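# A closer look at the structure
Here is what each chain is made of, one letter per residue.
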Amino acid sequence: MLGILILILIASTNYQNNMGFMAGFVLLAVGLLSVFYTFRNLKGVEVRCLKPVAVFATDIATVPVQLVNNTKSERVGFGVGFSKRSVSYTDVGEQAKSQVELTLETRKRGMMDIPRIACASIFPFGIFEAWSWVRTPYQVLVYPKPIPCPEPLVATSSGIEEGQTQEKGSEDFHNLRDYQAGDPIKQVMWKAYARERGLYSKEFEDYVGEHQTLSWESVAHYEKELAISYLTDAVLTAEVSQNVYGLELPQETIDKGQGPEHLHSCLKALALM
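Conventions and cut-offs
- Residues numbered from 1 in each chain as written.
- Predicted model: local features only at pLDDT ≥ 70, side-chain atom pairs only at ≥ 80, totals over all residues.
- Heavy atoms only, no water.
- Helix = DSSP H or I, 4+ residues; strand = E, 2+ residues; numbered from the N terminus.
- Buried < 20%, exposed > 50% of the residue type's maximum accessible area, 1.4 Å probe, protein only.
- Contact = heavy atoms within 4.5 Å.
- Areas by Shrake-Rupley, 256 points an atom, 1.4 Å probe, with all protein chains shown as cover.
- Pairing = 2+ DSSP bridges.
- Axes fitted to C-alpha atoms, helices over the stretch in contact; angles between N-to-C directions.

### Some points on the overall build of the chain
- Per the secondary structure count, the chain includes 5 helices and 16 strands.
- The buried share among the 273 residues of the chain stands at 37%.
- Partitioning the intrachain contacts of the chain with sequence separation of at least 6 by distance along the chain shows that 64% fall at a separation of at least 24.
- Summed over all atoms, the accessible surface of the chain reaches about 16900 Å², with 54% contributed by carbon and sulfur.

Laid out in structure tokens, this is it:
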């Protein structure tokens, strides 16, 4: 644009053309205004990089970026992306927030660095571009890709019986104890009471759930990455089956447990192994 403007002004000077001068100065004014508003569209917007959620290898990771506009003017066409040539545009209202989710392709397990993030604007005329780079303090945790093992994994089990744990229940008689106020009438040992041996209540227990430890030894004969994927699949299967499970790795042992936090601990240990 600058070259065209110079040519117009030179030609207008040589030929004493007033219309050419006017067109040249109008273009100059538009250019200066464009530089000012393009830069102003980025100024004052706070960019917050949020912590990404862990994903499995080869899945698409999502990196949330929050834009906070604390000024009293709307920001239009605010671009966010990993490259200036590939940004997602969004508008941020005055004193408002907006969120953009960038995507990253994952390939292998472990902690994956997030590239620097470009914040760009070509508002209002698309003639000039202003940009700034932002670095996130976070990394993406990539779990190993789960692969079913072709043979059953050998898991050590414990409990009252093989693969079972004991919980207070109502099916199998377990013990007698002194009667306590509030005990169900049907659990009172009436025969003992009739023989003047005192008042007792019967306790019952149920055997529920699997109780197993998944060990590295069971897959150590496979190639390392394949063995990790097999253990990952076994951990997911145990969690879905609502079993109580633990994990024994060469450098780390995770006690038996269950639930999202326990699952995350096991998968993280496998990812960083």
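There's more to say after this.
### Here we look at the environment of Leu267
- Locating Leu267 in the fold gives a position in helix α5 (residues 260–271).
- Between the alpha carbons of Leu267 and Tyr143 there is a distance of 6.0 Å; along the sequence they are 124 residues apart.
- Leave out the neighbours within four places in its chain, and Leu267 touches Phe56, Tyr143, Pro144, Thr232, Val235 and Leu236.

### Observations concerning the sheet that holds strand β2 (residues 55–56)
- One open sheet holds the 3 strands; their spatial order is β2-β10-β7, and the pairing between them is mixed. With partners counted over all chains shown, the strands left at the sheet margins are β2 and β7 (110–113), one partner each.
- Pairing between β2 and strand β10 (residues 139–143): 2 bridges, direction parallel. Within β10, the position partnered with Val55 by the bridge is Val142.
- Relative to the sheet, α5 contacts β2, β7 and β10, its axis offset from that of β10 by approximately 95°.

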